[in-house]
Amino acid sequence: MPAFDIARWKTLEPFVDDALSLTGEARGQWLEALRVSDSGIAAELDALFAGATSLSRNDVLDRAQIDALLRSLQADRSGEVVGAWTLDRSIGVGGMGTVWLAHRSDGRFDGVAAVKLLSVTVTTPESLRRFRQEGTVLARLSHPNIAKLLDAGVSTNGQPYLVLEYVDGDRIDTYCDSRAADASARIALMITVLGALADAHGKLIVHRDLKPHNILVTKDGVPKLLDFGIAKLLEDDTADEMTTPGARAMTVAWAAPEQVLGAAITTATDVYAAGAMLYRLLSGHHPTAHGASTQAEFVHGALKGETLALSEAVTSTRFRSQLEVTAAAASLSSTPTALARKYRGDLDNILARSLKREPAERYASAAAMAEDLQRSLDHRPIRARPDSFGYRFTRFVRRNRAAVA
């Protein structure tokens, strides 16, 4: 197994993270573009992925293949002691670091946790100071749908780490797609997620990096938010040049427009990311960056991209083939026509409002978005449209079909 080379990893890490976020034709197109713009990096990526699946093909990397790749990118740190925890095995990697399953080893009590070793590429002396200061604040977050931050510190070699509640589950999109969960079930999951967001927002904590990877659903169907507030721990508010993608702790594919512009982050930033994820869960593709494969394309999508109405997106072949459109609907145990009929009206308006480019035009809070989603499930009038008599009457009829008949 090759030794971990931190300098090499600092260069390749953002490219590997982008590659793992893409599948199918998008990955092939992304690598072809990279071969033109930076043939050296492309060659290294080909070599790294040779032990798994070549990026030059359109195959989808499965979890075992990804894990094999991750093990090839880092030294085996199993057995290493970090604070009061001993690392057992690697369970994931992302743009902000690697995650290890660990057990408590200081003798005070038994337990397991997920230890996140943060990448040196996202830390500065100032962010380390803030990290130590704010870790105890975030540890007070207590909600059944937020993976609790148990501890935070800096290892003896200067690497910051977080100790999080270990959640055994699948990322929310994988969970839904693998079970062919219908639209109502997916909306219900997102309502629960928004409830957890609202609780944190009430404590003046914004997530800042919401994405499918950061929401795991257990086998019992309970969603858990991960990495809550970690971006806040790492962000250096005193820096002057934090306006380019990647300068702030975020994932560009799910970032709100104000994030990629380096503007103020508010609770509306999380509302946008929640809307983007729900759009993906209900339609099968990204709301603004259709077919995007590079960070620049995702940034362009966030700032200039066209967002189709949800009811139009599930039937449109502008960005997908008819086969892909049908397959996406089948993953929701439905058909494109049936989904379009279900989404037309209320859900179109809810998603449109949550994805407004101007933060002030979005829902005022995660709780308000959750309320509208619940109202749509209950066939009650939602807030995201004019309160006309005709609209309220159609909602009344929908709720009381038998009596009206």
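Owing to the predicted nature of the structure, the values given are computational and were not obtained by experimental measurement.

Student: Would you explain the overall build of the protein in this entry?
Tutor: Along the backbone of the protein there are 18 helices and 9 strands. Within the protein, buried positions represent 49% of all 405 residues. Sequence separation of 24 or more characterises 58% of the internal contacts of the protein that already satisfy a separation of 6 or more. Of the accessible surface of the protein, which amounts to about 18,300 Å², a share of 53% is contributed by carbon and sulfur atoms.

Student: I tried to follow the packing of helix H7 (residues 183-202) against helix H10 (residues 267-283) on my own but got confused; where do I start?
Tutor: Two quantities define a packed helix pair, namely the angle between the axes and the distance from one axis to the other. At their nearest, the axes of H7 and H10 sit 10 Å apart, and the two run at 165 degrees to each other. Compared by their axis directions, H7 and H10 come out roughly antiparallel. H10 is crossed by H7, and the crossing has right-handed handedness. Seen from H7, the contacting residues are Ala183, Arg186, Ile187, Met190, Leu194, Leu197 and His201; seen from H10, they are Thr267, Asp270, Ala274, Met277, Leu278, Leu281 and Leu282.

Student: Would you mind going over the confidence of the model for the protein with me for this structure?
Tutor: Residues shown with low pLDDT carry predicted positions that ought not to be read at fine detail. Chain-level pLDDT for the protein is 79 on average; 69% of the residues reach the 70-or-more range. Taken element by element, the predicted model of the protein shows its lowest mean pLDDT in helix H4 (residues 63-73) (49) and its highest in helix H14 (residues 336-343) (97). Between residues 1-6, whose pLDDT stays under 50, and residues either more than four places distant or in other chains, the model counts 10 contacts. Residue range residues 236-247 is modelled with pLDDT below 50. Its contacts to residues more than four positions away, or to other chains, number 19 contacts.

The rules we used
Residues numbered from 1 in each chain as written. Predicted model: local features only at pLDDT ≥ 70, side-chain atom pairs only at ≥ 80, totals over all residues. Heavy atoms only, no water. Helix = DSSP H or I, 4+ residues; strand = E, 2+ residues; numbered from the N terminus. Buried < 20%, exposed > 50% of the residue type's maximum accessible area, 1.4 Å probe, protein only. Contact = heavy atoms within 4.5 Å. Areas by Shrake-Rupley, 256 points an atom, 1.4 Å probe, with all protein chains shown as cover. Axes fitted to C-alpha atoms, helices over the stretch in contact; angles between N-to-C directions. Parallel < 35°, antiparallel > 145°, perpendicular 65-115°, else oblique. Left-handed = near helix turned anticlockwise from the far one by under 90°. pLDDT = per-residue confidence, 0-100.

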